[in-house]
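# Structural features, examined
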Amino acid sequence: MTNVERFFHPSLKTVLALGFVLFVTSFPLRVPEAEALPAFARKYQVNCNVCHTRPPRLNPFGEQFLENGYQMPGTEDGGIVAKLKYGDVTLDDVSNYFAVLFGVDGVTNVNLKREVPGSEDLTELGTPAIVRLFTTGTVTENVGFFVDMTSIFSRSSDVEIGRAFITLNNLGGMDWAHLRVGRLDPSAYFSMARGRPHWVPVGPKFAPPFGSFATPTVTQWSLFQSAYASKFYGLFDRSGAFIMPFDSTLYNSPEEVGIDVHGRPFGDWFLYQVGVLNGGNERAGDSNNSKDWYVMTRFDYTQSAYLSVNLSGFGYFGNHNAKVLGGADVSRSRYGVGARVRYKWLDVYGAYTIDRVTDLPTGMEAIFDSTATGVTVEAHALVADRVLIGTRFDHMDAGGLLATRKSATFVGLQAKYYLRSNMWFTIRDDFNVRDSEGGRSAARNLRNRFNVSIDLVF
Amino acid sequence: MKAFWKNLTMAFGLVLVLTSIVGASEVTEHDIQQGKSIYERSCLICHGESGKGDGPAAFYNAAFSAPRARDFTVGNFKFRSTVSGSLPLDEDIFRTITNGIPGTMPSFSGLSSEQRWQVVAYIKTFYGGFQEEIPEVIKLAGLPILSAAESVRRGKILFQDMDCHSCHGRQGRGDGKVALAGELHDSRDLPISPNDLTNPTGWKNGATASDVVRTLFTGLDGTPMPSYESQLIGHEDDAWHLANYLLSLSGQN
């Protein structure tokens, strides 16, 4: 099974279906603006762009709202924006707490150089669709929650629970400490957050062998951010599943079980974050009985002139959170810096990370490169109220087994047209900067990928 | 009958607001300092450090069109109970902060009322005029006219006669000639569109009949939405007819 497939939980299909039906049936009851607006926008009666540069990327105000546990910055207003109540739960609550993202890939054209020597370039067409149901909000002052359920129809119609956590905010004083407990995305407050990407994640494709300590054939490189990728060839998680070199991991994992604290005790210019995770990509349990931990600091300049700048750095210290062939434990750690500059219509951000594998079994050093690096830089420009164009650069200097490891470099171009603030079309093209070569290298076989898609959030 | 009492209480509330004395309680230096720190946490990100409406998040809501976050340094306010060109009352600013502005500024009712008064005091320091000028409150005579078929009918005629439709469109959907021609701009020279009058949830200055009457008397300064005080003074009934008509567009009364 692949990393992605392992996270699917069929039993949750009902949850999504039920939530969806509840939501959809409640929807016509309350549409405050001319536009249909997702949960928070509905609750506060504001446009999506109050919090987003353009959905789904947060703007500096949206970041403050997120940091304060889904409460207006400087307030503890959780739960107080109350409407007409029917007991403790109102019908309004349904639309105030639920949001649905529906994305359809209209056309995807993938240009592959097949790994089997002699085969022709190949063009594939596909129409995968994504449905994500979010339920999030505050239940009372300083107490909030977030649950994200995703189903990607092209891979499986099952539902994956992504993040699911509870927030406790403003502990010890306004902005002193905000706590998250559960399955959370550690890098949510970093300069380049893992979540809400403007670049729809493009997953990899695999072929057998699957199974414990087997290395599946990667038939198509994925297009996730390289800075956040695992970067190593030849690592397995604690259950023996192969860790894809491009899967987001460690500090930039989409979700890991743990506890995380952040705050701004000295004012808006400085944010701290510390956290402890089970680590090891484990959905449940903690088989290694040791924890990974991380610390992040971020410096912000947010004053005036439509300008905001931030710089951040983190260290993530792994503890027996992976294995190598043969089953020996190793530890993966990551150090990274990130920066973001927003000025009027321009938004530029990026991250550079260094990953290290330590505690390698003796004798392995000679065949295993224990250091890898990755860089991702993205830029977006809002060229009109409804048009956002962007570009992205990804480079991974891969580590791991010297015999198989392959570095990769990709460039992406993208244009989005927002029909409404909650509905947009995307045209995207990614291409491989490196020459294709023979052999079985997914890092080189994906030459170009062109995609047109539509997203709707409501 | 219910509607009559509702309108009457609202009108009474309006009169109360209009007659309340400006700056009822003494503002201390301490309040202003507290207001500053609240402002920096909650408002700066949009309104900017110097109050110019150029905070780091001010650009995104409508990047190339209005409304941008308010520039507090020029003393131009939309939501007032004072005559056009006058500064707002403290109560007006307080109300905006409490209710928020549908579409663009969230409600800050999560701040305690003391905190909201403190931030009002701080916002006023951005514009010197607040020290010198005395806001002139609009005067309304007579009692509200409750909504009835006859009032709505007269409002409809007034809406056409007073040329509201040139901006708001014949059906009030915001698609009048002038609007469609792209001729409307606000005081920051950003293109602005007239409200869709069939959807009162988006009305920024409030959506009760007395709110609409206030809007018509004060105008929305800094936007093309004019004050109709000179036409409506002495014809307050007409203001209520217009308000009743506008509210009837969405099926409300």
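Residues take numbers from 1 onward in each chain, read along the sequence in its written order. Going through the entries in the order they are written, you letter the chains from A and number the ligands from 1. Local features are withheld for residues below a pLDDT of 70 in this predicted model, meaning they are given only at 70 or higher, and side-chain atom pairs are given and counted only at 80 or more; totals for whole chains, interfaces and linings count all residues. Based on all heavy atoms of the structure, the side-chain values leave hydrogens and waters out of the count.

## Quick notes on the overall build of chain B
What chain B contains, in helices and strands, is 12 helices and zero strands. Where helices and strands are cited, they refer to DSSP runs of H or I of at least four residues and of E of at least two residues respectively, numbered from the N terminus. Ordered by position from N to C terminus, the α and β elements of chain B give α-α-α-α-α-α-α-α-α-α-α-α. Only protein chains enter the area calculation, which uses a 1.4 Å probe; residues under 20% of their type maximum are buried, those over 50% are exposed, and those in between are partly exposed. Out of the 253 residues in chain B, the part that is buried amounts to 55%. The contact rule is simple, with two residues in contact once any of their heavy atoms fall within 4.5 Å. Once local pairs closer than 6 in sequence are excluded, the contacts in chain B between residues at least 24 apart make up 59%. By element, 56% of the accessible surface of chain B is carried by carbon and sulfur atoms, the whole surface being about 11,400 Å². Note on areas: Shrake-Rupley with a 1.4 Å probe; residue coverage comes only from the protein chains shown.

## Quick look at the environment of B:Glu114
All names here are of chain B. Residue position: Glu114 is located in helix H5 (residues 113–123). What makes Glu114 exposed here is its relative accessible area of 55%. Sequence-wise, Glu114 and Gln34 are 80 residues apart; in three dimensions their C-alpha atoms are separated by 9.9 Å.

## Focus on the packing of helix H4 (residues 90–99) of chain B against H5(B)
Angle between the axes and distance between the axes: these two values describe a pair of packed helices. Residue and element names in this part refer to chain B. Closest axis-to-axis distance for the H4/H5 pair is 10 Å, and the angle between their directions is 120°. Taken together, H4 and H5 sit at an angle that is classed as oblique. Here the hand of the crossing between H4 and H5 comes out right-handed. Contact residues: H4 offers Asp90, Glu91, Ile93, Phe94, Ile97 and Thr98, while H5 offers Ser113, Arg116, Trp117, Val119, Val120 and Ile123. Here the residues of the contact of H4 with H5 sort into seven nonpolar, two polar and three charged. Note on geometry: axes are lines fitted to C-alpha atoms, helical ones only across the stretch in contact, with angles between N-to-C directions running from 0 to 180 degrees. Here is the rule for angles: anything less than 35 degrees is roughly parallel, anything more than 145 is roughly antiparallel, 65 through 115 is roughly perpendicular, and the remaining ranges are oblique. In this scheme the handedness of a crossing depends on how the near helix is turned from the far one: anticlockwise by less than a right angle means left-handed, clockwise means right-handed. When residues are grouped by polarity, Ala, Val, Leu, Ile, Met, Phe, Trp, Tyr, Cys and Pro land in nonpolar, Asp, Glu, Lys and Arg in charged, and all others, Gly among them, in polar.

## Quick word on the domain arrangement of chain B
Residue and element names in this part refer to chain B. For the domains described, the bounds stem from an automatic or database domain assignment. What the domain assignment lists for chain B is domain 1 (21–131) and domain 2 (147–248). Taking the mean C-alpha position of each, domain 1 and domain 2 sit 25 Å from one another. On the domain 2 side, the residues contacting the 24 residues of domain 1 number 20 residues. For the domain 1 and domain 2 pair, buried surface summed over both sides reaches about 1,600 Å², with 52% attributable to carbon and sulfur atoms. For this analysis, a salt bridge means a side-chain nitrogen from Lys or Arg found within 4 Å of a carboxyl oxygen belonging to Asp or Glu. The interface formed by domain 1 and domain 2 holds one salt bridge in total. Arg80 is paired through a salt bridge with Asp221; the nearest N and O atoms lie 2.9 Å apart. Here a polar contact is taken to be a pair of N or O atoms separated by no more than 3.5 Å, where protein atoms must pair a possible hydrogen donor with a possible acceptor and residues adjacent in sequence count only if both atoms sit in side chains. Remark: the boundary between domain 1 and domain 2 carries 10 residue pairs in polar contact (both at pLDDT 80 or more). In terms of residue class, the side of domain 1 that touches domain 2 is built from nine nonpolar, eight polar and seven charged. Buried area: the sum, over both parts, of the accessible surface (1.4 Å probe) that disappears when the two are put together.

## Some thoughts on H5(B)
Every buried residue belonging to H5(B) is among B:Arg116, B:Gln118, B:Val119, B:Val120, B:Ala121, B:Tyr122 and B:Ile123, and all of these are buried. Elements that come into contact with the buried residues of H5(B) comprise helix H2 (29–42) and H4 of chain B.

## Some details on the side chain of A:Arg238
All names here are of chain A. Looking at the secondary structure, you find Arg238 in the loop between strand E12 (235–236) and strand E13 (256–263). At 3.2 Å, the side chain of Arg238 forms a polar contact with the backbone oxygen of His320. Separated by 3.2 Å, the side chains of Arg238 and Asp329 make a polar contact.

## Some points on the sheet that holds strand E20 (residues 368–369) of chain A
All names here are of chain A. As summarised here, the arrangement of the three strands in space is E11-E23-E20, forming an open sheet in which the pairing is mixed. Looking at which strands have only one partner, the edges of the open sheet turn out to be strand E11 (232–233) and E20. Only strands that DSSP links by at least two bridges are regarded as paired with each other. Taken together, the two bridges between E11 and strand E23 (residues 399–401) define a ladder with parallel strand orientation. Pairing of Tyr233 across the sheet is with Gly400, part of E23.

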